[in-house]
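# Overview (structure and organization)
One-letter residues, chain by chain:
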Amino acid sequence: MTALHQEHASHGTHTHGPDCGHTAVHHGDHLDYVHDGHLHREHEGHWDECEPSGHTTHEAHPHEHHDECGHARVQHGDHVDYLHDGHRHAEHGDHWDEH
């Protein structure tokens, strides 16, 4: 899965980091920061939206996420991602997607 390069132009002067108050999510080789329903990553001096470029099903995902499953919930646009084993999972029909 690759991410689209889409600069978050209206990010302003806020700099994400360990003490910024936003949830940090490990995502491959970088950290995303959850901010206003978006996931941002630092990229060459600016912040990008970190969104998947396609539909990637998380194979063999026997766990059903829900409000009380014990995994962190992250509001992501119009849905909720669940942080699980270093991945962000989102419900999609009858399966879970990698985000």
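Structure first, text after, so check above.
Let me sum up the structure you'll find in this document. These figures come from a predicted structure and were not determined experimentally.

Right, let's talk about the pairing of strand β7 (residues 79-84) for a bit. In regular strands, side chains alternate between the two faces of the sheet. Of the pairings in the sheet, the one linking strand β6 (residues 73-76) to β7 comprises four bridges and is antiparallel in character. Looking across to β7, one finds that Gln75 is bridged to Val80. Once β6 ends, the chain turns through two residues before running back antiparallel as β7, passing Gly77 with a positive phi of about 65°. Where β7 and strand β8 (residues 87-92) come together, four bridges link them in antiparallel fashion.

Further remarks concern the nonpolar core. Generally speaking, a soluble globular protein has its nonpolar side chains buried in company with each other. Counting five residues, the largest nonpolar core consists of Val25, Val34, Leu39, Cys50 and Val74. Those residues in contact with Val74, other than ones at most four positions away along the chain, are Val34, His79, Val80, Asp81 and Leu83.

Overall, the coordinates contain one salt bridge when judged by the stated rule. A salt bridge links Arg73 to Asp67; the shortest N-O distance between them is 2.6 Å. On the accessibility criterion, Asp67 (60% relative accessible area) is exposed.

Let us look at the sheet that holds β6. In spatial order, the strands read β6-β7-β8-β9; together these four strands make up an open sheet with antiparallel pairing. The open sheet has two edge strands with one neighbour each: β6 and β9 (95-98). Along the sheet, successive strands turn relative to each other by an average axial angle of 40°, direction set aside.

Once that is clear, we can look at the pairing of strand β2 (residues 24-27). Here β2 shows a buried face lined by Val25 and His27 and an unburied face lined by Ala24 and His26. Summarising the sheet, β2 and strand β3 (residues 30-35) pair through four bridges and their orientation is antiparallel. Residue pairing across strands places Ala24 opposite Tyr33, the latter belonging to β3. Linking two consecutive strands that pair antiparallel, namely β2 and β3, is a turn of two residues; a positive phi of about 65° is found at Gly28 within it.

Procedures and definitions
Residues numbered from 1 in each chain as written. Predicted model: local features only at pLDDT ≥ 70, side-chain atom pairs only at ≥ 80, totals over all residues. Heavy atoms only, no water. Pairing = 2+ DSSP bridges. Helix = DSSP H or I, 4+ residues; strand = E, 2+ residues; numbered from the N terminus. Core = buried A, V, L, I, M, F, W, Y, C linked by side-chain atoms within 4.5 Å. Buried < 20%, exposed > 50% of the residue type's maximum accessible area, 1.4 Å probe, protein only. Contact = heavy atoms within 4.5 Å. Salt bridge = Lys/Arg side-chain N within 4 Å of Asp/Glu carboxyl O. Axes fitted to C-alpha atoms, helices over the stretch in contact; angles between N-to-C directions.

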